[in-house]
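The primary structure of each chain is shown beneath.
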Amino acid sequence: MSQTLKLYDEYGIIHEALKILPNDGLKLQFLEALAELEDASCHRERNFPKTRLHKVRNIKKYAIYRADIDKISGWRLHIQYINGEIHLKDIIEGKRHDDVIQVIKSKKGRYS
């Protein structure tokens, strides 16, 4: 049985995602993305084929990571690692994913 990392959702990102994602296909991809992010073997091997998890550049104060829900539509998740655990910070709408710095600055209270 594979090991999982703890995932925290203090801002209700999962609930929000299931309300705002426009179709069932994206909702399923969202759940697949969460499963990949929780999979300890993906972190150990640094291999994230579904989410393409990577660090957001040009943010010096905090280590913020982006994970794709769907590359083509542009829907993304922002996460942070705190004490080796994953904390969901935001879900980014497809048309807003290019303004990553603006999105983070607009909700800077979420990022620690």
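Use the structure listed above.
Here the structure is a predicted model, which means the values were calculated and not measured.

1. Concerning the environment of lysine 55
Here is step 1 of the chain: The residue lysine 55 is located in strand β2 (residues 54–55) in this model.
Here is step 2 of the chain: A relative accessible area of 44% means that lysine 55 is categorised as partly exposed.
Here is step 3 of the chain: Those residues in contact with lysine 55 that sit more than four places away from it in its chain are Ala63, Ile64 and Tyr65.

2. Notes on the sheet that holds strand β3 (residues 65–68)
Here is step 1 of the chain: Here we have five strands laid out as an open sheet, ordered β1-β5-β4-β3-β2, and mixed in their pairing. Among the strands making up the open sheet, the edge pair consists of β1 (7–8) and β2.
Here is step 2 of the chain: Two strands pair when backbone bridges link them, and β3 and strand β4 (residues 76–82) are joined in this way by four bridges, in the antiparallel orientation. By the bridge assignment, alanine 67 is partnered in β4 with leucine 77.
Here is step 3 of the chain: Packed onto the sheet, helix α1 (residues 13–20) meets β1, β4 and β5 (85–92) and runs at close to 30° relative to β5.
Here is step 4 of the chain: Running over the sheet, helix α2 (residues 24–38) touches β1, β3, β4 and β5 and is turned about 20° from β4.

3. Structural notes on the pattern of salt bridges
Here is step 1 of the chain: Tallied over the entire structure, the rule returns two salt bridges.
Here is step 2 of the chain: Here arginine 52 and aspartate 68 are joined by a salt bridge, their closest N and O atoms 2.5 Å apart. One end of the pair, arginine 52, is in the loop between α3 (40–45) and β2; the other, aspartate 68, is in strand β3, and 16 residues separate them in sequence.
Here is step 3 of the chain: In this structure aspartate 68 comes out as buried when scored by relative accessible area, which is 1%.
Here is step 4 of the chain: Measuring nitrogen to oxygen at the nearest pair gives 3.0 Å for the salt bridge that ties aspartate 68 to arginine 76.
Here is step 5 of the chain: The buried category is assigned to arginine 76, whose relative accessible area is 7%.
Here is step 6 of the chain: Put simply, Arg52, Asp68 and Arg76 are held in one network by salt bridges that share partners.

4. A look at the packing of α1 against α2
Here is step 1 of the chain: Contact geometry of α1 with α2 gives a least axis separation of 9 Å together with a crossing angle of 155°. Judged on the interaxial angle alone, α2 and α1 are roughly antiparallel. Of the two possible hands of crossing, α1 and α2 adopt the one that is right-handed. Each of Ile13, Ile14, Ala17 and Leu18 in α1 lies in contact with α2, whose residues at this interface are Lys27, Phe30 and Leu34.
Here is step 2 of the chain: The residue makeup of the contact of α1 with α2, split by class, is six nonpolar, no polar and one charged.

5. Regarding unusual backbone geometry
With glycine set apart, most residues show a phi of negative sign, and most peptide bonds adopt trans.
Here is step 1 of the chain: Of note, the phi angle at arginine 46 is positive, near 55°, even though the residue is not glycine.
Here is step 2 of the chain: With respect to the helices and strands, arginine 46 occurs in the loop between α3 and β2.
Here is step 3 of the chain: For arginine 46, a relative accessible area of 73% translates into the label exposed.
Here is step 4 of the chain: Here the phi dihedral of asparagine 83 falls at roughly 55°; this positive angle occurs in a residue that is not glycine.
Here is step 5 of the chain: As for its placement among the helices and strands, asparagine 83 is situated in the loop between β4 and β5.
Here is step 6 of the chain: What makes asparagine 83 exposed here is its relative accessible area of 74%.

Scoring rules and cut-offs
Residues numbered from 1 in each chain as written. Predicted model: local features only at pLDDT ≥ 70, side-chain atom pairs only at ≥ 80, totals over all residues. Heavy atoms only, no water. Helix = DSSP H or I, 4+ residues; strand = E, 2+ residues; numbered from the N terminus. Buried < 20%, exposed > 50% of the residue type's maximum accessible area, 1.4 Å probe, protein only. Contact = heavy atoms within 4.5 Å. Pairing = 2+ DSSP bridges. Axes fitted to C-alpha atoms, helices over the stretch in contact; angles between N-to-C directions. Salt bridge = Lys/Arg side-chain N within 4 Å of Asp/Glu carboxyl O. Parallel < 35°, antiparallel > 145°, perpendicular 65-115°, else oblique. Left-handed = near helix turned anticlockwise from the far one by under 90°. Nonpolar A, V, L, I, M, F, W, Y, C, P; charged D, E, K, R; others polar.

Any link to function would need more than the numbers given here.
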